[in-house]
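What the coordinates show
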Amino acid sequence: MDTPICDFVRRYAESDAMRLHMPGHKGAGPLGVEHLDITEISGADSLYEASGIIQKSEQNAGMLFGAETFYSCEGSSLCIRAMLYLCALQAKKTGRSPRILAGRNAHKTFLSAVALLDLEVEWLYPAQDSSYLSCPITAEDLSRRFKTSDELPVAVYLTSPDYLGNMVDLHAIGEVCHQYGVLLVVDNAHGAYLRFLPESRHPMDLGADLCCDSAHKTLPVITGGAYLHISLHAPRWMGKQAKAAMTLFGSTSPSYLILQSLDWVNAYLSGDYRQHLADFVAQTDTLRQRLTAYGYTLTGDEPLKLTISTKPCGYRGEALAALLQAQGIVCEFADPDYLVLMLTPKIGGDGLKQLEKILLSIPMSTPIADQPPILHCPRKVMPVRQAVLSDSETIPAEDSLGRVLAAATVSCPPAVPVVVCGEEIDEQALDCFRYYGIADCTVVREDA
């Protein structure tokens, strides 16, 4: 597969032209990549009005993913905002209210998009207790919700895989959504590689109408590179409106380093990546078996995410992460209950062996019995938009009982809020704040 963006930038760099255009480094500098960092000069195309090399590269990506695919240089965050904008347009076109049913474990970017677009949100909670990072919704849950609703939503928004590597049955959920004429929108930020498994588990192949992939999370792409995918079965106008949706929220100065990275990975994915991935997943499965036999408790079913439930082996997640870091392994995420390790074929078999050796050198200890606070549904006091745009103040979390959350100021990772903007902070919320070490929160001023 060709790489039109990379080829153009390389030729330009080799031409040694005098760069009397942005950026200001003029192609030279201490990082060693400045010669490849350009702007929308003649022939370089323009991301949001693509008609040349960027359009060709995006078409290449679309062929790989079986969708209409568009690049983002601002991660999945830009794609999420664009997807919800398209949902808002769909609501207008179908005469529905702009209401989204969303899994409670949505990324905080979802909330900012809801506030900007003035959408209504109804939260989906799982039938059983789970981490606030997971929301194991089933097709049966959704079907019951639809049957008892006075008005159907314009879309269902789910995060799969979630931060812990759990995946919902998108195929079954998609069938329910389409039976009722509801869009299925998926935050697949952690699962770009799923398309290239021996049997695809990518949302575009399982019934999603819209989804985003953070290419940089699981593919060899520079940080910030992402995809917006629109299903070939989605309303045809969506593909035509995709660029306008992204322009509404995106920078007018996209990074050509990121664009080259997205362009290059097309050739990488169209080569022998599928076989490398299949071989690596098989090796990862063997590692899981050995870790389980040793005594580790693993959770999640995403192939390239190794999530350890740490308390059964006698450690809190942060403590186990510290032990690994002392031996040169830096994890993706740790909290009191879990340790998350993100794997890709770039680690290789030797990397997996090193990881196995270190994990098996850590002695099992007495299980820790305490459990996290149960996820609950706080009382909604005002819409997300009203809360976000209200006059606010930041106060100690311990002093926030009875106050209304204004901003989901949670760290990234995992960027999943315990309490949502517009909800009242109650005793259960305070328990969650204490458990997860949230010291401050931003609340609506009482005189606002």
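Structure report, in brief. These numbers were taken from a predicted model, which means no experiment stands behind them.

Calculation criteria
- Residues numbered from 1 in each chain as written.
- Predicted model: local features only at pLDDT ≥ 70, side-chain atom pairs only at ≥ 80, totals over all residues.
- Heavy atoms only, no water.
- Core = buried A, V, L, I, M, F, W, Y, C linked by side-chain atoms within 4.5 Å.
- Buried < 20%, exposed > 50% of the residue type's maximum accessible area, 1.4 Å probe, protein only.
- Helix = DSSP H or I, 4+ residues; strand = E, 2+ residues; numbered from the N terminus.
- Contact = heavy atoms within 4.5 Å.
- Phe/Tyr/Trp six-rings, centres within 6.5 Å; stacked < 30°, edge-to-face > 60°.
- Lys NZ or Arg CZ within 6 Å of the ring centre and 35° of its normal.
- Patch = residues over 30% accessible without salt bridge, like charges linked within 9 Å, V, L, I, M, F, W, Y side chains within 5 Å.
- Areas by Shrake-Rupley, 256 points an atom, 1.4 Å probe, with all protein chains shown as cover.
- Salt bridge = Lys/Arg side-chain N within 4 Å of Asp/Glu carboxyl O.
- Lys, Arg positive; Asp, Glu negative; His and termini not counted.
- Charge placed at Lys NZ, Arg CZ, Asp CG, Glu CD.

1. Some points on the nonpolar core
Within the largest apolar cluster, 109 residues are counted, with the highest numbers of intra-cluster contacts made by Phe110, Tyr157, Leu219, Tyr227 and Leu269. Element by element, the count of residues in this core is highest for helix α3 (residues 75-94), at 12 residues. Those residues in contact with tyrosine 157 that lie beyond four places of it in its chain are Ile80, Met83, Leu84, Ile100, Leu101, Ala102, Gly103, Ala106, Phe110, Val185 and Asp187. One finds Leu164, Leu375, Ala397 and Val419 within the second-largest nonpolar core, a separate group that totals 23 residues.

2. Section: the side chain of asparagine 266
For asparagine 266, the location among the structural elements is in helix α10 (residues 256-270). In contact with asparagine 266, other than residues within four places in its own chain, are Met1, Ser57, Asn60, Ala61, Leu64 and Tyr71.

3. Some points on the packing of aromatic side chains
With the rule as written, the count across this model stands at 13 aromatic pairs. Note on tyrosine 71 and tyrosine 227: the rings are 6.2 Å apart at their centroids and 45 degrees apart in plane angle, and the pair reads as tilted. Here tyrosine 71 is found in strand β1 (residues 68-72), whereas its partner tyrosine 227 is found in strand β7 (residues 226-230), with 156 residues between them in sequence. When its relative accessible area of 0% is taken as the criterion, tyrosine 71 is described as buried. Judged by its relative accessible area of 0%, tyrosine 227 is buried. When the centroid spacing of 5.3 Å and the interplanar angle of 45 degrees are considered together, the rings of tyrosine 268 and tyrosine 273 count as tilted. Here tyrosine 268 and tyrosine 273 have matching classes, each one buried. Aromatic rings pair up to connect Phe65, Tyr71, Phe196, Tyr227, Trp264, Tyr268 and Tyr273 into one cluster. Over the aromatic face of tryptophan 237 sits the side chain of lysine 93, whose NZ or CZ is 4.8 Å from the ring centroid. Directly above the aromatic system of tryptophan 123 lies the positively charged group of arginine 104, at a separation of 5.2 Å from the ring centroid.

4. Structural notes on the environment of arginine 290
Within the secondary structure, arginine 290 is located in helix α11 (residues 273-294). Residues arginine 290 and threonine 94 lie 196 residues apart in sequence; the distance between their C-alpha atoms is 53 Å. The contact partners of arginine 290, leaving out residues within four places of it in the chain, are Glu356 and Leu360.

5. Points about a negative patch on the surface
A cluster of acidic residues, Asp118, Glu120, Asp150 and Glu151, forms a negative patch at the surface. On the accessibility criterion, glutamate 120 (39% relative accessible area) is partly exposed.

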